[in-house]
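Structural features, examined
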Amino acid sequence: MQLIDMQDYSPAARRFWWTVVVLGVWALMYSISRVARLEGIVLFQVLLGALVAAIVGLFPVRIPGAKTVLAGGEIFIFLVLLVYGAPAAVLAAALEGAVASWRSSRRWTSRIGTPAMASLAMLACGAIFDLARALIGKAGLNSATLLVAAMAFAVLYWVVSSLLTSMLIALKRGAELAPRRWLKEMSWIGLAYATAAAVACVLYFTFDHFGFPALLIAVPLIVMFMSSLHFYFQHKDSGERHVEELKESESRFHSAFTHAAIGMALVSAEGKFIQANKAFCEMLGRTATELLASMLTQLVNAEDVSALQAPIEKLKKGELATVHTEIRGLHRDGSDVWMS
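Residues numbered from 1 in each chain as written. Predicted model: local features only at pLDDT ≥ 70, side-chain atom pairs only at ≥ 80, totals over all residues. Heavy atoms only, no water.

Observations concerning the pattern of salt bridges
Scanning the model with the defined rule gives eight salt bridges in all. Between Arg 328 and Asp 336 there is a salt bridge whose closest N-O contact spans 4.0 Å. In this structure, a network of salt bridges that share partners links the residues Glu 303, Asp 304, Arg 328 and Asp 336. (Salt bridge = Lys/Arg side-chain N within 4 Å of Asp/Glu carboxyl O.)

Some words on the pairing of strand E6 (residues 336–339)
Residues Val 337 and Met 339 of E6 are buried on one face, while the alternating residues Asp 336 and Trp 338, pointing to the opposite face, are not. The pairing of strand E5 (residues 327–330) with E6 spans four bridges and is classified as antiparallel. Bridge pairing in E6 links Ile 327 to Met 339. Hairpin geometry of E5 and E6 is characterised by an intervening segment of five residues between the two adjacent antiparallel strands and by a positive phi of about 95 degrees at Gly 334. (Buried < 20%, exposed > 50% of the residue type's maximum accessible area, 1.4 Å probe, protein only. Helix = DSSP H or I, 4+ residues; strand = E, 2+ residues; numbered from the N terminus. Pairing = 2+ DSSP bridges.)

Observations regarding the environment of Arg 133
Within the secondary structure layout, Arg 133 lies in helix H5 (residues 108–139). Taking the C-alpha atoms as reference points, Arg 133 and Leu 146, 13 residues apart in sequence, are found 7.0 Å from one another.

A look at the packing of H5 against helix H6 (residues 143–173)
Here H5 crosses H6 at 160 degrees, and the two axes come no closer than 9 Å. What the angle tells us is that H5 and H6 run roughly antiparallel. At the point where H5 passes H6, the crossing takes the right-handed sense. Contacts between H5 and H6 involve Met 117, Ala 118, Ala 121, Met 122, Cys 125, Gly 126, Ile 128, Phe 129, Arg 133 and Ile 136 on the former and, on the latter, Thr 145, Leu 146, Ala 149, Ala 150, Phe 153, Leu 156, Tyr 157, Val 160, Ser 161, Leu 164, Thr 165 and Leu 168. For the contact of H5 with H6, the per-class residue count stands at 17 nonpolar, four polar and one charged. (Axes fitted to C-alpha atoms, helices over the stretch in contact; angles between N-to-C directions. Parallel < 35°, antiparallel > 145°, perpendicular 65-115°, else oblique. Left-handed = near helix turned anticlockwise from the far one by under 90°. Contact = heavy atoms within 4.5 Å. Nonpolar A, V, L, I, M, F, W, Y, C, P; charged D, E, K, R; others polar.)

Now the structure itself:
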């Protein structure tokens, strides 16, 4: 059995996957070499930040109705970017992506491809952010400008990551490449990334004033937030599955009702027809449209109306649990049709 199973990948999808993986591995190796130059407490803090992001990645939040998962470590990844730069953020993003994909997928194409895509996207976008940040520092702009730049970076990172993932899925399925539609459908995730960047900036300003220990206070708060988000989506997913089960049940009932050989009809408590199957219509020689426009008493022999109405009234009052009676229905040609 092949370690990397790509039987469901088209040739174009395979080329795309291998290209991204090679570039992503290069980006990760380059970033590791840069991080390895750090010394002492700084290196420890980078590794700790990446570890926290990975721990959060152990509990990915699956989006209901989609294959997308939200790992939730972006706050810590963006914080590492702000404090230590793009190479350190690449390490954190790759580690979080590896852990999240390991938990959410059994396929090695995902377990390898996800951290590779994260590394490539983070290095490209992080380099742009570091350049913009240097320009902000030279211009002497305030912290509000850095906040805006961080949120813009988060949106750019979301765009690149989303396009890489969606393009691979489209190539696998042989579907049309529609980047605008992809981004529109996942726009709320982009908003979540921008929010994560804003939170990371607040934590960075705290770190700048009070030092590294102040960041430890934020960890349980963020974990609690992600746990709440996880249980919310889990509850929502459970509700959607229940709705789907109800739809399937309704579909089965409708099919059995419509194609039954025995004539059946659903009638309201007031005697108005709601639905009638083909056999019932044929039994009375009438169309479904005619039945839906009629009252039950209009299609029953006048001598049997009281025999029908009396037990139904008791049923409506709760005096009876069920009603079974035999009456004569009126065929279109005027003849009687005995019905149970």
